[in-house]
Amino acid sequence: MHLEPFELHQPATLDEALQVAASHPGDFDYLAGGTDLLPNYKMRLNPRGHVIALGGIPELHAFAPEAGTFGSLVTLRQIERDPVIARDYPGLSEAARQVATPLVRASGSLGGNLLVETRCFFFNQSASWREALGYCLKAEGDRCHVVPQKERCYATFSGDLAPSLLVLGAEVDLVSFQGPRTLALDDLYDPRGDGIRRTRLLPGELVVRVRVPPEGRKSRSTYRKLRVRPAFDFPELGVAALLSLEGQRVRSLRLAVGGLETYPRSFPTLTGPLEGTTLTDESIAELARRVQGMVRPVHNTFLAPDYRKRMTEVFVRRALADLRGAS
Amino acid sequence: MTASAPLHLKVNGVPLERSVPPNRILLDLLREDLNLTGTKRGCDLGTCGCCTVLLDGVPTLSCLTLARLAEGAEVTTIEGLGEHGELTALQRAFVEHGATQCGFCTPGFLLAATALLRDHPTPSRQEIQEALSGNLCRCTGYVKILEAVEAACRTGLPAPSP
Amino acid sequence: MAKSASGPAVPPHPLAPASGKGYRLIGRRLPLVDAALKVTGRAEYTDDLKRPGLLVGRLLKSTQAHARIAGVDVSAARALPGVAAVLTGRRFPTPFGVLPMTHDETALAVEKVRHYGEWVAAVAAVDEETCEKALRRIEVRYEPLPVYDDPGVSERPVTEKIHARALRDTNIQKEVFQHFGDVPRAFQEAFAEVKVQGRFAGVNHGFTEPHCVLAEASPDGRLTVWSATQVPHYLLRALSEVLGLPLHRIRVIKPEVGGGFGGKSDPFPHEIACAALAVETGRPVKLLLDREDVFYVNHGRHPTRNLVRLAADEKGTFTALDVEALLDGGAFSSFGVVTTYYNGVLALGPYRLPSFRYHGVRAYTNHPPSGAMRAHGGTNIRYSLEMAVDALAERLGRDPVALRLQNLLPADTQTVNEFRITSNGAEACLLAARDRSRWRERFRQLPYGEGIGVACGFYISGSNSPIHFTPRFPQSTVHLKVDVDGGVTIHSGAADIGQGSKTLLAQVVAEVLGIRMDRTRVAAVDSDTAPVDLGSYSSRVTFMMGNAAKRAAEELREALAQAAGDILGEPPAGLVFEDERIHRDGSPEVGVDFLAAVHRAMEHRGALVASGSYESPPMGGTFKGAKAGTAPAYSFSAYVSQVKVDLETGFVDVKKVWAAFDCGRPLNPLAVEGQIEGSIHMGLGQLLSESMDYRGARLMNPSLLDYKILAPQQMPEVECLLVGGEDPEGPFGAKEAGEGPLIPVLPSVGAAVHDALGIRFLDLPLTPDKVFRALERARREGTARKPPLPGETREG
Ligand SMILES: Cc1cc2nc3c(=O)[nH]c(=O)nc-3n(C[C@H](O)[C@H](O)[C@H](O)COP(=O)(O)OP(=O)(O)OC[C@H]3O[C@@H](n4cnc5c(N)ncnc54)[C@H](O)[C@@H]3O)c2cc1C
Ligand code: SF4
Ligand code: FES
Ligand code: FES
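Residues numbered from 1 in each chain as written. Chains lettered and ligands numbered in written order. Predicted model: local features only at pLDDT ≥ 70, side-chain atom pairs only at ≥ 80, totals over all residues. Heavy atoms only, no water.

(A) Structural detail: the overall build of chain B. Within chain B one finds five helices and five strands. Of the regular secondary structure in chain B, the N- to C-terminal order runs β-β-α-β-β-β-α-α-α-α. Its C-alpha radius of gyration of 16 Å places chain B within 12% of the 15 Å reference for a compact globule of 162 residues. For chain B, the proportion of its 162 residues judged to be buried stands at 64%. Contacts in chain B between residues far apart in sequence, at least 24 positions, make up 56% of those at least 6 positions apart. On chain B, the mean spot of the 13 positive side-chain charges and the mean spot of the 17 negative ones are 5 Å from each other. (Helix = DSSP H or I, 4+ residues; strand = E, 2+ residues; numbered from the N terminus. Rg over C-alpha atoms; globule rule 2.2 N^0.38 Å. Buried < 20%, exposed > 50% of the residue type's maximum accessible area, 1.4 Å probe, protein only. Contact = heavy atoms within 4.5 Å. Lys, Arg positive; Asp, Glu negative; His and termini not counted. Charge placed at Lys NZ, Arg CZ, Asp CG, Glu CD.)

(B) How the structure looks around the overall build of chain A. When you go through chain A residue by residue, the secondary structure sums to 13 helices and twelve strands. Across its three principal directions, the C-alpha atoms of chain A cover 60 × 45 × 35 Å. When contacts within chain A are restricted to residue pairs at least 6 apart in sequence, long-range pairs at least 24 apart make up 63% of them. Of the accessible surface of chain A, which amounts to about 11,800 Å², a share of 51% is contributed by carbon and sulfur atoms. (Areas by Shrake-Rupley, 256 points an atom, 1.4 Å probe, with all protein chains shown as cover.)

(C) Layout of the site of ligand 2. For ligand 2, the full set of nearby residues is C120, F122, F123, C136, L137, K138, C144, H145, V146, C153, Y154 and A155 of chain A. Looking at the shell around ligand 2 residue by residue, the class counts come to ten nonpolar, one polar and one charged. (Near = heavy atom within 4 Å. Nonpolar A, V, L, I, M, F, W, Y, C, P; charged D, E, K, R; others polar.)

(D) Examining the nonpolar core more closely. Ranked by internal contacts, the top residues of the largest apolar core, which has 222 residues, are F94 of chain B together with I680 of chain C. The contacts of I680 of chain C, once residues within four sequence positions are left out, are Y639, V657, A659, M715, P716, V718 and V745 of chain C. Membership of the second largest hydrophobic core comes to 54 residues, among which are L3, A95, L161 and A240 of chain A. (Core = buried A, V, L, I, M, F, W, Y, C linked by side-chain atoms within 4.5 Å.)

(E) Representation of the interface of chain B and chain C in the model. Between chain B and chain C, the residue contacts involve 44 residues of the former and 49 residues of the latter. Interface area for chain B against chain C, summed over the two sides, is near 3,600 Å², with a carbon-plus-sulfur share of 58%. Contact with chain C buries area across many residues of chain B, yet Q101, C102 and R138 of chain B alone supply 22% of it, more than any other trio. With a closest N to O distance of 3.0 Å, R31 of chain B and D47 of chain C form a salt bridge. Across the contact surface, chain B and chain C share 22 residue pairs in polar contact (both at pLDDT 80 or more). Every element with two or more residues in the side of chain B that touches chain C is listed here: α1 (26-33), α2 (89-96), α3 (106-119), α4 (125-131) and α5 (143-155) of chain B. The element best represented in the side of chain B that touches chain C is α2 of chain B, accounting for four residues. When its residues are assigned to classes, the side of chain B that touches chain C shows 18 nonpolar, 17 polar and nine charged. (Buried area = accessible area lost by both parts, 1.4 Å probe. Salt bridge = Lys/Arg side-chain N within 4 Å of Asp/Glu carboxyl O. Polar contact = N/O pair within 3.5 Å; in protein donor to acceptor, adjacent residues only side chain to side chain.)

(F) Region of the structure containing the packing of helix α15 (residues 541-568) of chain C against helix α16 (residues 594-602) of chain C. Residue and element names in this part refer to chain C. Interhelical geometry of α15 versus α16 gives an angle of 95° and a closest axis separation of 8 Å. In this view, α15 runs roughly perpendicular relative to α16, as classed from their interaxial angle. Contact residues: A559, L560, A563, A564, D566 and I567 in α15; F594, A596, A597, V598, R600 and A601 in α16. Grouping the amino acids of the contact of α15 with α16 by side-chain chemistry returns ten nonpolar, no polar and two charged. (Axes fitted to C-alpha atoms, helices over the stretch in contact; angles between N-to-C directions. Parallel < 35°, antiparallel > 145°, perpendicular 65-115°, else oblique.)

(G) Just the interface of chain A and chain C, in detail. Of the residues lining the interface, 35 residues belong to chain A; the matching set on chain C comes to 36 residues. The largest contributions to the chain A side of the interface with chain C come from H2, R229 and F302 of chain A, which together make up 20% of the buried area. With a closest N to O distance of 3.0 Å, E132 of chain C and R44 of chain A form a salt bridge. The interface formed by chain A and chain C holds 16 residue pairs in polar contact (both at pLDDT 80 or more) in total. Breaking the side of chain A that touches chain C down by element, the ones donating at least two residues are α8 (127-133) and α13 (305-326) of chain A. With eight residues, α13 of chain A is the largest single contributor of residues to the side of chain A that touches chain C.

(H) Summary view of the domain arrangement of chain B. All names here are of chain B. Entries for chain B in the domain assignment read domain 1 (5-80) and domain 2 (89-154). Look at where the C-alpha atoms of domain 1 and domain 2 centre, and you get two points 21 Å apart. Listed by partner, the interface residues are 16 residues for domain 1 and 13 residues for domain 2. Counting each side, the surface lost to burial between domain 1 and domain 2 is near 1,100 Å², with a carbon and sulfur contribution of 67%. Connecting domain 1 to domain 2 are zero salt bridges. (Domains from an automatic or database assignment.)

(I) Representation of the domain arrangement of chain A. Residues and elements named next belong to chain A. Looking at chain A, the domain boundaries give domain 1 (1-56) and domain 2 (58-115 + 156-326). Distance from the C-alpha centre of domain 1 to the C-alpha centre of domain 2: 26 Å. Every contact between the two is made by 15 residues of domain 1 and, on the other side, 16 residues of domain 2. With both sides pooled, the region where domain 1 packs onto domain 2 buries about 1,300 Å², and carbon together with sulfur makes up 75% of that total. Interface area lost by domain 1 to domain 2 is led by L14, L18 and L54, which between them contribute 43%. At the junction of domain 1 with domain 2, the criterion picks out zero salt bridges. Counting across the interface, domain 1 meets domain 2 through two residue pairs in polar contact (both at pLDDT 80 or more). Put simply, the parts of the chain that give the side of domain 1 that touches domain 2 at least two residues each are α1 (14-23) and β2 (28-31). The residue inventory of the side of domain 1 that touches domain 2, partitioned by class, reads ten nonpolar, five polar and no charged.

(J) Looking closely at the sheet that holds strand β19 (residues 450-460) of chain C. Residues and elements named next belong to chain C. Spatially, four strands are ordered β19-β27-β28-β31 in an open sheet, and the strand pairing comes out mixed. Two strands in the sheet have a free side with no partner beyond their single neighbour: β19 and β31 (717-722). Strand-to-strand twist in this sheet, taken as the mean axis angle between neighbours without regard to direction, amounts to 15°. As defined by bridge partners, β19 adjoins strand β27 (residues 634-645) across eleven bridges and the pair is classed as antiparallel. Counted as the bridge partner of A455 is Y639 from β27. (Pairing = 2+ DSSP bridges.)

(K) Up close: α13 of chain A. Across its 22 residues, α13 of chain A extends 31 Å between first and last C-alpha, which sits within 8% of the 32 Å expected from 1.5 Å per residue. Turning to α13 of chain A, its buried residues are P305, Y307, R308, M311, T312, E313, V314, F315, V316, A319, L320 and L323 of chain A. Buried positions along α13 of chain A lie against β9 (220-226), β10 (237-246), β11 (249-258) and α12 (281-294) of chain A together with α19 (768-781) of chain C. (Expected span 1.5 Å × (residues − 1).)

(L) Just the site of ligand 1, in detail. Within the structure, ligand 1 sits among 36 residues, and Y30, G33, T35, S109 and D160 of chain A are positioned closest to it. Surrounding ligand 1 are residues belonging to chains A and B, so the site spans chains. Contact distances for ligand 1 include 3.0 Å between a nitrogen atom and a backbone N or O atom of V207 of chain A. Within the backbone of D233 of chain A, an N or O atom sits 3.0 Å from an oxygen atom of ligand 1. Here ligand 1 loses 96% of its free accessible area of 970 Å² to cover by the protein chains.

(M) Geometry of the pairing of strand β15 (residues 318-330) of chain C. All names here are of chain C. The element β15 is largely enclosed, with a buried count of twelve among its 13 residues. Summarising the sheet, strand β14 (residues 304-312) and β15 pair through nine bridges and their orientation is antiparallel. Considered in β15, the bridge of V308 is made with V323. Where β15 meets strand β16 (residues 356-364), nine bridges bridge the pair, whose relative direction is parallel. When the bridges of β16 are listed, L326 appears paired with V361. The parallel pair β15 and β16 is bridged by helix α9 (residues 336-345), and the resulting crossover is right-handed. (Right-handed = clockwise from strand over helix to strand, strands pointing away.)

(N) Molecular detail of the packing of α12 of chain A against α13 of chain A. Residues and elements named next belong to chain A. Following both chains from N to C, one finds α12 and α13 inclined at 145°, their axes separated by 8 Å at the closest point. Note that α12 runs across α13; the crossing there is right-handed. For the pair α12 and α13, contact is made by D281, I284, A285, L287, A288, R289, V291, Q292 and G293 and by K309, R310, T312, E313, V316, R317, L320, A321 and R324, respectively. (Left-handed = near helix turned anticlockwise from the far one by under 90°.)

(O) Seen up close, the packing of aromatic side chains. Applying the stated criterion to the full structure yields 20 aromatic pairs over all chains. For the ring pair F6 of chain A and Y41 of chain A, a centre distance of 6.2 Å and an interplane angle of 75° mean the geometry is edge-to-face. Here Y41 of chain A lies in helix α2 (residues 37-42) and F6 of chain A lies in the segment before β1 (7-9), a separation of 35 residues in the sequence. A single burial state applies to F6 of chain A and to Y41 of chain A, both of which are buried. Look at F200 of chain C and Y383 of chain C: their rings are 5.7 Å apart centre to centre, the planes differ by 85°, and that puts the pair in the edge-to-face class. Here the residue F200 of chain C occupies a position in strand β9 (residues 192-200), and Y383 of chain C occupies one in helix α10 (residues 379-396), the gap between them amounting to 183 residues. There is no split in this pair, since F200 of chain C and Y383 of chain C are both buried. Chaining the aromatic ring pairs together yields one cluster made of F180, F356, Y358 and F623 of chain C. The side chain of R309 of chain C reaches across the aromatic face of F187 of chain C, ending 3.9 Å from its centre. (Phe/Tyr/Trp six-rings, centres within 6.5 Å; stacked < 30°, edge-to-face > 60°. Lys NZ or Arg CZ within 6 Å of the ring centre and 35° of its normal.)

Below, the structure is given as structure tokens:
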């Protein structure tokens with residue numbers, strides 16, 4: 001499968017990258033490890049005329065686990081193998097280890113994982129497959145095959161790292177032609193968007209680095225992933241949880257899920273009230289049920305949506321029970 | 001530029017300079033341009049591991065790598081394992097333990113396993129499974145592949161690789 | 001001077017070592033002869049080949065499931081610079097197919113398309129980019145027709161027949177009725193009866209090497225085709241029929257093949273289309289399918305529904321089996337006639353069944369064609385039958401192993417439909433699996449959520465019916481040649497697809513001649529030099545090719561014994577062949593080197609050649625369909641599997657499989673284990689997660705990401721128990737081990753899940769969401785508990 005011709009840009013600085021992006025509005029993609037972009041290009045999913053490879057920009061490779069700073073080009077392999085991350089942010093380590101396969105993780109980057117293209121049974125198909133059915137909103141078409149309407153795309157956010165970084169309270173440093181800015185990771189994703197417009201990134205905006213605040217280290221964190229096979233498969237559900245206790249009482253508790261909707265989401269309104277309380281089997285179970293009640297998966301992945309919803313309860317409960325047991 | 005540009009890389013220890021267009025995939029460069037057909041194409045989409053090569057020592061999917069981005073890299077393909085026509089301990093173990101049947105997945109497994117044993121000379125069975133979990137084999141059920149890797153750990157390390 | 005080995009008529013060779021003893025190579029764990037090439041990347045597969053002036057071929061997929069082709073405009077594609085040829089179906093419209101009576105495939109769609117992804121046009125051009133551009137410029141006008149995505153609809157009267165040759169006014173491709181004994185009466189008189197209704201998604205072979213073909217028409221009027229095929233000879237015939245070339249002007253070469261499992265055992269449209277492009281352009285053309293195409297051309301295991309009713313008397317002895325099967329054949333026939341029979345008759349072992357009735361239907365639909373896949377026709381019926389046996393054991397309060405033991409066929413018998421059973425290791429298999437698994441301590445006694453289950457298997461060791469040959473030629477022939485260098489060249493038409501048939505040839509020949517295996521070289525397969533062999537399907541290679549090779553080697557040995565006897569002044573009959581020498585039995589010093597004997601034998605004669613062949617003995621009844629399922633031998637098996645189910649998520653974790661298998665004498669235990677382990681992996685895939693996931697006529701998962709082949713972490717521990725005796729007619733007593741090992745793994749795990757949860761799953765695959773839903777229901781209904789322990793289990 002060859003790729004359609006494109007112009008390849010290899011900027012050495014962020015400025016250069018932004019410059020190239022600015023001169024080809026709407027007709028470029030950034031390329032990190034390429035493990036998401038290139039399969040999509042091979043399937044002719046919105047290929048662009050300009051590919052801006054980021055690998056030559058040194059600061060994107062920054063890797064300082066002790067400081068909790070990770071350049072966007074840090075690979076999943078680096079993350080899963082790093083002893084400091086395993087010690088301080090075990091949930092992140094676990095999440096990285098459960099992405100795809102070791103071969104994908106060798107190239108796949110942190111930034112690419114946070115911005116991985118949303119997925120759908122009707123989208124991740126070859127051009128002729130999609131032509132046969134009729135193209136959909138997300139590529140070349142004007143309707144949706146999952147929820148029949150013409151307004152909104154329900155493609156599923158399927159990155160594994162976002163939930164585990166959400167519970168760590170991660171922030172992302174961004175840069176665009178308008179200059180640098182920092183967003184809470186939670187704010188990078190747009191709950192009012194859809195499977196197509198899923199982030200709040202400005203045109204051409206780049207993820208420079210991810211920063212994890214030091215408080216995360218005092219907490220236990222974990223990541224649990226629902227998938228049919230223990231390798232290859234994107235998450236059908238991913239649950240990240242973080243817990244720290246003060247004596248018996250909860251100092252902080254955070255939960256985030258991915259693989260269910262168009263964006264990864266956390267549940268501060270559910271977890272907040274539990275801070276200061278003592279976690280019991282009942283309160284964990286109740287929380288898990290309420291999280292389940294809030295998520296709305298649709299039928300565009302391998303496993304049935306009602307099942308993925310039910311598993312949300314199980315996975316949340318198990319994750320928290322684990323963390324409580326380990327603290 | 002959509003036009004070709006020179007690419008420099010070392011393939012199995014031999015420095016090369018080639019003119020390569022931006023949309024050339026490393027797998028195609030190896031198989032079509034350099035005639036290194038030991039690297040296999042099973043899916044072209046990152047889902048089988050048959051195209052695995054070592055890129056600066058790291059097992060990497062050549063079907064998802066732009067050739068031009070391998071500038072300056074050292075690529076090791078299956079043709080680059082072993083020296084002077086001698087099989088590595090791992091290759092020998094694959095032969096002796098029946099770890100290859102149709103053989104189509106074999107180069108990918110060998111490269112992934114070579115890197116594993118270089119970094120981790122005595123992995124547990126679970127670690128071997130994990131490390132090889134990006135490679136599909138439809139013939140062996142993986143059993144003899146795992147046995148071969150374990151046997152290679154016992155008999156000696158693979159020849160030092162790049 | 002070719003000899004034919006045909007069943008029991010052949011006496012053991014006078015020089016053969018006493019059975020079971022004295023073999024140097026037979027029975028040893030030998031690596032594959034081509035393993036060194038494979039671990040160095042030097043083995044050549046079709047896509048590795050290049051020819052001067054090579055063009056790239058590509059095919060245009062249909063975007064309709066069922067439609068009349070109103071017109072195809074290829075002018076814009078043809079006009080594109082770099083395009084050498086564009087073909088549509090009308091250029092070579094002759095239908096072909098693997099079975100002579102059901103030719104319904106064409107190189108490219110002619111009048112209409114019958115499934116998404118069917119190929120409508122073919123392009124040859126200088127490179128892939130140009131091919132793709134050309135494909136985009138081809139305009140096909142379709143007139144949509146009613147789409148049939150359900151064999152249940154296809155078997156009834158329809159408004160649009162998918163093929164004119166479908167039966168009556170339906171889309172039925174093949175219908176089978178069989179009745180032996182008196183089934184209705186047996187059910188009337190039965191003490192107990194059980195009914196099981198199974199539903200099976202289609203599955204694909206999932207070999208790692210996508211189909212690939214290279215064709216070249218040379219100026220001397222010959223066509224050469226290299227292809228990743230299991231059946232070079234059938235391909236040659238199909239090419240001849242469609243392209244109108246005489247057989248002798250076509251040469252088929254099979255390079256290394258990256259797995260087949262039945263998925264490369266038909267002649268395929270892309271092979272013919274590629275050859276047609278080569279003929280059209282006069283240049284070599286290579287055509288590699290992408291993975292999506294591999295799923296569309298499919299020919300995988302049929303989506304199946306079946307209904308099994310089993311009756312028994314008060315002692316638990318089976319009295320009748322009644323089977324119905326409805327197979328989704330997809331768009332074409334392929335092996336369908338055989339599949340339809342197999343889905344009934346392969347239930348007739350290993351149990352004694354005094355009466356049997358079968359109604360089987362294979363219906364065309366607008367799905368990609370189904371065909372033969374490892375343990376062809378024997379897998380889905382076996383699942384339902386073994387589930388029925390388990391259900392019967394439960395009904396009768398019997399131990400499932402004991403009930404099975406009680407009902408086994410003996411050796412040297414005949415089934416109710418006149419299958420000739422010779423060697424039969426079913427009992428040894430059951431006992432070994434039971435004892436090794438500590439069945440009595442575990443069955444029904446593991447905690448809720450964990451379970452252990454047993455199932456038997458039975459499979460043909462080579463189909464007795466050669467598909468094409470009437471009058472009968474041998475099914476397999478092997479030629480040997482030795483020249484002054486003393487190397488033995490083995491010519492065979494049998495296709496090594498990774499299962500190790502080349503190794504087997506070398507091993508058998510070297511054993512008979514007392515030489516080292518590296519003195520042999522296997523030339524397989526080039527149709528110009530290889531004698532005809534029907535190919536690698538129906539688990540026929542070890543038995544048939546093995547026997548042919550043995551006969552050929554024995555013929556060569558006679559000539560060499562004569563020569564050595566001349567040199568030594570010894571009677572040839574007293575000579576022994578070992579360690580590359582030929583010497584007097586008991587006195588190695590009175591002997592000559594192998595090479596010296598070769599040279600003596602060559603005097604005034606030149607290179608030595610020998611030929612051996614195999615033809616199966618006449619067998620089977622005379623009723624319609626009597627030949628289906630007849631084989632010169634059958635493999636038997638019994639597996640016990642242990643599982644643990646996550647009660648909250650429905651994930652089934654298969655912990656261990658004790659795989660007892662009777663393949664006669666295992667010629668190479670290392671290779672047999674490899675077949676068993678690979679079969680278990682493939683069978684578990686079908687059981688747990690693999691499925692051709694259709695929504696209507698559309699395949700939702702034509703990729704290795706969404707078609708879920710098991711990862712290494714999912715493989716259970718496997719204990720192979722090779723317990724067979726010797727088969728009287730197999731080469732050195734061997735039978736098949738390539739397909740049969742797949743069969744029992746599915747029902748043994750199904751039974752283990754039942755033991756774990758008290759739920760019998762009859763709808764495959766057992767994806768976690770399905771298991772979860774069933775568990776929920778059981779919990780609601782208060783049935784989520786272990787089934788009762790039969791007293792007999794512990795008394796055993
Ligand atoms: C077989 C297979 C299985 C997979 N399974 C999983 C899985 O289980 N879980 C999972 O999470 N992912 C999975 N992936 C997807 C992918 O491999 C990972 O998400 C990976 O982390 C993506 O990183 P990358 O560097 O390769 O991204 P790329 O492909 O380079 O980029 C992905 C997207 O992010 C954009 N981008 C990348 N970096 C930046 C940046 N710094 N600033 C702005 N935009 C940027 C790109 O433009 C592109 O749109 C799988 C992929 C394959 C092929
Ligand atoms: S959810 Fe609808 S619009 Fe979005 S990718 Fe799927 S089919 Fe297309
Ligand atoms: S060919 Fe690269 S992973 Fe399959
Ligand atoms: S040996 Fe055939 S796929 Fe692994």
